[in-house]
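# Summary of structural features
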Amino acid sequence: MVRYKLTSPPMVKATIQLPASKSISNRALIINALGKGSYSPENLSDCDDTQVMIKALTENKETIDIMAAGTAMRFLTAYLSVTPGKHTITGTARMQQRPIQILVNALRELGAEIEYAGNEGFPPLHIIGTELKKNEIALKGNVSSQYISALLMIGPVLKNGLTLHLSGEIISRPYINLTLQLMNDFGAKAAWTAPNSISVAPQPYESIPFTVESDWSAASYWYQIAALSSKAEIELLGLFHHSYQGDSRGAEVFSRLGITTEFTAKGVKLKKTGNALKKLEEDLVDIPDLAQTFVVTCALLNIPFRFTGLQSLKIKETDRITALRSELKKLGYLIEEENDSVLMWNGERCTPEQTPIIQTYEDHRMAMAFAPAAILYPDLQIAEPEVVSKSYPNYWEHLKQAGFQIISEK
Ligand SMILES: O=C(O)C1=C[C@@H](OP(=O)(O)O)[C@@H](O)[C@H](O)C1
Ligand SMILES: C=C(OP(=O)(O)O)C(=O)O
């Protein structure tokens, strides 16, 4: 099993061409396929999660393996339900433990033909494409917003459009808004009609030229590096102020951790102010993918924290609540958890391991959020570093560009 041993430079200096957003790439691909567009989206992400989506849509094989990509699994399940043909969609062992029942039930209620090929409620699925006749359903909004995005994107091609009524606390809401935004850009009519209801008109997509912006979730690891370094000059290319991505809110949260953002014509420049607050309390329900970044950053900066809204973390690439607590303990931090949805730390410490090896549990964000810890823990090792390819294949190359030394150990 490969591990990377990391050593940080005295000063981090880098201009980084971030990967394109996988969330935007995968939506643009599905919308484009549904609209049978004549333009192809440009600057698509080169990450695994987007590559599996491109493959699924272009090869049109009977069995589709989307590996670990949650968006591809959920979006394609809805897409294949309305696309002529017979398909089986599967993924990694972990993907076969990530729930999909809410989406399957919603699609079946609309008229879809979907069967579980293994365990009830989980992938793999057998899907036969058919015409969906019903146009109004209720479903839970408190497990994964990807089910909702998946349904919304097929809305314009349904005979009578689609109205969704969401129950429970709506989690990851900016991702639903991202879907609506992109659908409208591509000529659809889709909008919130009440705080918990969304309607999509039966109006086909138009083909438009479209370029994917850089990924704000990926940017967060560079903010983290700036926050943990004593000196850093970091420029991140391809980010916009008025981004479609909810994770752009990370910039504001980082301003409270001593990193401010200057927007330029090319992207952003990070500035260290050194003014970090004494304690960070934040609801992360809208930005769950930044949880690992903020938990690791605050602990290493010695800033006590309380993060709420983390109820989706247990069903992501790994159980991120458990993974964060185990791996931070190796560095000497005792993080507490409450009700599977809160992580907090009041400064409790334990003796750190002498040569900590951070396990990544097939989770790209475990690798990317712990690598910057090498700034304070020289010779820190990251196990199975190749996991980063799920969203950011060039992450290690970019760290090298920024002056980090990376030695591969076996
Ligand atoms: O729609 C999307 O692109 C995503 C939605 C979020 O998932 P949940 O809605 O399951 O929280 C997020 O964690 C994931 O990385 C990408
Ligand atoms: C949760 C994530 O991805 P997905 O759910 O799309 O697999 C992620 O990228 O952090």
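Predicted model, so just to flag it, every value in this text is computed and none were measured. (Residues numbered from 1 in each chain as written. Chains lettered and ligands numbered in written order. Predicted model: local features only at pLDDT ≥ 70, side-chain atom pairs only at ≥ 80, totals over all residues. Heavy atoms only, no water.)

### Regarding the sheet that holds strand β12 (residues 257–263)
In plain terms, the rule: At least two DSSP bridges between two strands are needed for those strands to be called paired. Comment: elements are numbered from the N terminus, with helices defined as DSSP H or I runs of at least four residues and strands as E runs of at least two. Every axis corresponds to a line fitted to the C-alpha atoms, with the helix fit spanning only the stretch in contact, and the corresponding angles, defined between N-to-C directions, vary from 0 to 180 degrees.
Reading across from one edge, β2-β11-β13-β12 is the order of the 4 strands in this open sheet, with mixed pairing throughout. Both outer strands of the open sheet, β2 (12–17) and β12, are each paired with one neighbouring strand and no more. Here the average twist between neighbouring strands, direction ignored, is 20°. The sheet contact formed by β12 and strand β13 (residues 267–276) spans 6 bridges and is antiparallel. If you follow Leu 257 over to β13, its bridge partner there is Ala 276.

### A few points about the pairing of strand β14 (residues 280–283)
One face of the sheet, then the other: side chains in a regular strand alternate in exactly this way. Keep this limit in mind: In this scheme, a residue with accessible area under 20% of its type's maximum is buried, one over 50% is exposed, and one in between is partly exposed, where area comes from a 1.4 Å probe on protein chains only. By convention, a crossover is right-handed whenever its connection, traced from the first strand over the helix to the second and viewed with the strands pointing away, goes clockwise.
Burial along β14 is one-sided: the face carrying Leu 280 and Glu 282 is buried and the face carrying Glu 281 and Asp 283 is not. Pairing of β14 with strand β15 (residues 305–308), which is carried by 4 bridges, proceeds in the parallel orientation. Bridge assignment links Asp 283 to a residue of β15, and that residue is Thr 308. Regarding the hand of the β-α-β motif, the stretch spanning β14, helix α9 (residues 291–300) and β15 is right-handed.

### Thoughts on the site of ligand 1
Selection criterion: Near, as used in this document, describes a residue that has one of its heavy atoms within 4 Å of the molecule or strand being considered. Polar contact is the term for a pair of N or O atoms within 3.5 Å; when the atoms are in protein, one must be able to donate a hydrogen and the other to accept it, and sequence-neighboring residues count only if both atoms are side-chain atoms. Charged means Asp, Glu, Lys or Arg here, nonpolar means Ala, Val, Leu, Ile, Met, Phe, Trp, Tyr, Cys or Pro, and polar covers whatever is left, Gly included. What fixes the domain bounds is an automatic or database domain assignment.
What surrounds ligand 1 is a group of 13 residues, the closest being Ser 23, Arg 27, Ser 144, Ser 145 and Asp 289. With respect to ligand 1, the side chain of Ser 172 contributes an N or O atom lying 2.7 Å from an oxygen atom. With respect to ligand 1, the side chain of Asp 289 contributes an N or O atom lying 2.5 Å from an oxygen atom. Counting only elements with at least two residues in the shell around ligand 1, the list comes to α1 (22–34) and α5 (145–154). With 3 residues, the top contributor of residues to the shell around ligand 1 is α1. Its residues assigned to classes, the shell around ligand 1 comprises 2 nonpolar, 7 polar and 4 charged. Structurally, the shell around ligand 1 is a two-domain feature, drawing no fewer than three residues from each of domain 1 (3–19 + 214–409) and domain 2 (22–200).

### A word on the UniProt feature "binding site: 3-phosphoshikimate" (unreviewed entry) in the protein chain
Rule in force here: UniProt positions are given in the numbering used here, feature names are shortened, and annotations may be inferred rather than shown by experiment. Throughout, a contact is declared for two residues whenever any of their heavy atoms are within 4.5 Å.
Residues annotated by UniProt as "binding site: 3-phosphoshikimate" (unreviewed entry) correspond here to Lys 22, Ser 23, Arg 27, Ser 144, Ser 145, Gln 146, Ser 172, Asp 289 and Lys 316. Of note, Ser 144 is situated in the loop between β7 (136–140) and α5. On the basis of relative accessibility, which here comes to 9%, the residue Ser 144 falls in the buried class. With residues up to four places along the chain from it excluded, the contact list for Ser 144 reads Arg 74 and Ile 171.

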